[in-house]
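# Examination of the molecular architecture
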Amino acid sequence: MLRQQDVGHRIVVRRIVGIREGRTLFSDALGELVELSETHITLATDAGPLRVPVAEVHRAKRVPPARRPTAAAVVALELAADEAWPAPVRGRLGDWRLRWADGWTGRANSALPVGDPDRPLPAALDAVQRWYAERGGTALVNTPLPLAAPVGAELDARGWTARPPVLVQTVPLRALAAPPDAGLADTPPDADTPTAGPDGTPPLAGPDGPPPVTLAGAPADDWLAIAAGRKGGLPDAARHVLTAVDRVRFAELRIDGRLLAVGRGTVTGEGRWLGVSLLEVLPEARRRGFAVAVVRALARWGADEGATRAFLQVEQSNTGAVELYRRLGFTTHHTYLTRVTPAA
């Protein structure tokens, strides 16, 4: 049987679904184990979350991880993510993307080495350094792994450093858009029941759950203020990154007019991918299910727009966020490292 150490891993569950003519009927389910309790097993499957009573489990075990995504799948997702976070200044080096946004965020100020740079690798990296030097910036290269491992090896030889690993995570959109009672907990792991606020005030979420989330086509001033606080300012280039996407929504969760939680959603990649970014809840409103409410609202919008999968990018070291996304069914598609040119 399963143990708590199996949470977060891929499992197969054989469950009892009935009896016919004296014979027990079984059904198998494959997915990621997201919760294990004394009474239920919850797993995220391609068809959505599945909650199985322990009494119905005939057999359950961990299985090897899913096969690595193909190079083409990594490229397609990286290009969808690039489209969802568009730098105002862009260049090309063969297939490689060069991006500049006055230094606001690494994603919008780094080269994306996917495809053929149309020249030998050393010459391509020399050209990347020149391009960023012309703009007065530090050259950064985002290396999706293992796709860009040869690029990473060349950067190692040149003495480039690496920022913390980033997980590119995905989930089927119909699983993410499912209501809380479909089997996945709707709050972080230590906050299953709303309680009084930190100052003893009444709970911000009532018995019916968090207040409704509204989606706007443009960010409000207080939405931008929260984003600025998280990202260390908001230059003009940042506003372009946030808004220059054809299909974009800015999620707001308010109580009595006060903005307490935000998020941003985009639909890119030929309409297939919902990108979730800038998910933020004010400190005094955390652990009340607001972040999950924002994500689910964006997921429903993305599904209505025709998207079939969601993705996000999160630093591996951000354990709280990684745990929240795991409970929502996200699994790691691939990782990337932001490589930084050595100081002159």
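We now examine the packing of aromatic side chains. Aromatic rings in a pair are described by how distant their centres are and how their planes are angled relative to each other. For the structure on display, the rule yields six aromatic pairs. Consider the rings of tryptophan 100 and tyrosine 132, whose centres lie 6.3 Å apart with planes at 70°: the pair is edge-to-face. Of the two residues, tryptophan 100 sits in strand 7 (residues 96-100) while tyrosine 132 sits in helix 2 (residues 121-134), which places them 32 residues apart along the sequence. For the pair shown, tryptophan 100 and tyrosine 132 are each scored as buried.

Two side chains bearing opposite charge may form a pair once their charged atoms approach each other closely. Throughout the structure, instances matching the rule amount to 15 salt bridges. With a closest N to O distance of 3.5 Å, glutamate 280 and arginine 230 form a salt bridge. With glutamate 280 in strand 14 (residues 273-281) and arginine 230 in helix 5 (residues 221-231), this pair connects stretches of sequence that are 50 residues apart. For arginine 230, a relative accessible area of 39% puts it in the partly exposed group. We note a salt bridge from arginine 258 to glutamate 284, for which the minimum N-O separation is 2.2 Å.

Attention shifts here to the nonpolar core. By size, the foremost hydrophobic cluster in this structure holds 57 residues, and its most contacted members are Leu176, Trp223, Leu242, Leu274, Val294, Tyr325 and Phe330. It is helix 7 (residues 290-304) that contributes the most residues to this core, 10 residues altogether. For tryptophan 223, the residues in contact, after removing those within four places along its chain, are Leu242, Phe250, Ala251, Glu252, Leu259, Val262, Gly263, Arg264 and Leu278.

Here we come to the confidence of the model for the protein. Model confidence for the protein is summarised by a mean pLDDT of 88, while 89% of its residues fall at 70 or above. Note that pLDDT drops below 50 for residues 181-203; the model gives that stretch 42 contacts with residues more than four away or on any other chain.

Turning next to unusual backbone geometry. When glycine is set aside, most residues are seen to have a negative phi, and most peptide bonds are trans. In this chain, leucine 145 is followed by proline 146 through a cis amide linkage whose omega measures 0°. Structurally, proline 146 is set in the loop between strand 8 (140-145) and helix 3 (149-157). If you check the backbone angles, aspartate 102 has positive phi at about 55° while not being a glycine. Located in the positive-phi region is leucine 278, a residue other than glycine, with phi close to 50°.

You can see threonine 105 is positioned in the loop between strand 7 and helix 2. A polar atom in the side chain of threonine 105 sits 3.1 Å from the side chain of tryptophan 85.

The buried count for strand 13 (residues 258-268) comes to 10 of 11 residues, which makes it a mostly enclosed element. In this structure, the hairpin formed by strand 12 (residues 248-255) and strand 13 is closed by a connection of two residues, where aspartate 256 is found at a positive phi of approximately 55°. Relative to strand 14, strand 13 runs antiparallel, the two being bridged by seven bridges. When the bridges of strand 14 are listed, glycine 265 appears paired with valine 276.

Parameters and conventions
Residues numbered from 1 in each chain as written. Predicted model: local features only at pLDDT ≥ 70, side-chain atom pairs only at ≥ 80, totals over all residues. Heavy atoms only, no water. Phe/Tyr/Trp six-rings, centres within 6.5 Å; stacked < 30°, edge-to-face > 60°. Helix = DSSP H or I, 4+ residues; strand = E, 2+ residues; numbered from the N terminus. Buried < 20%, exposed > 50% of the residue type's maximum accessible area, 1.4 Å probe, protein only. Salt bridge = Lys/Arg side-chain N within 4 Å of Asp/Glu carboxyl O. Core = buried A, V, L, I, M, F, W, Y, C linked by side-chain atoms within 4.5 Å. Contact = heavy atoms within 4.5 Å. pLDDT = per-residue confidence, 0-100. Polar contact = N/O pair within 3.5 Å; in protein donor to acceptor, adjacent residues only side chain to side chain. Pairing = 2+ DSSP bridges.

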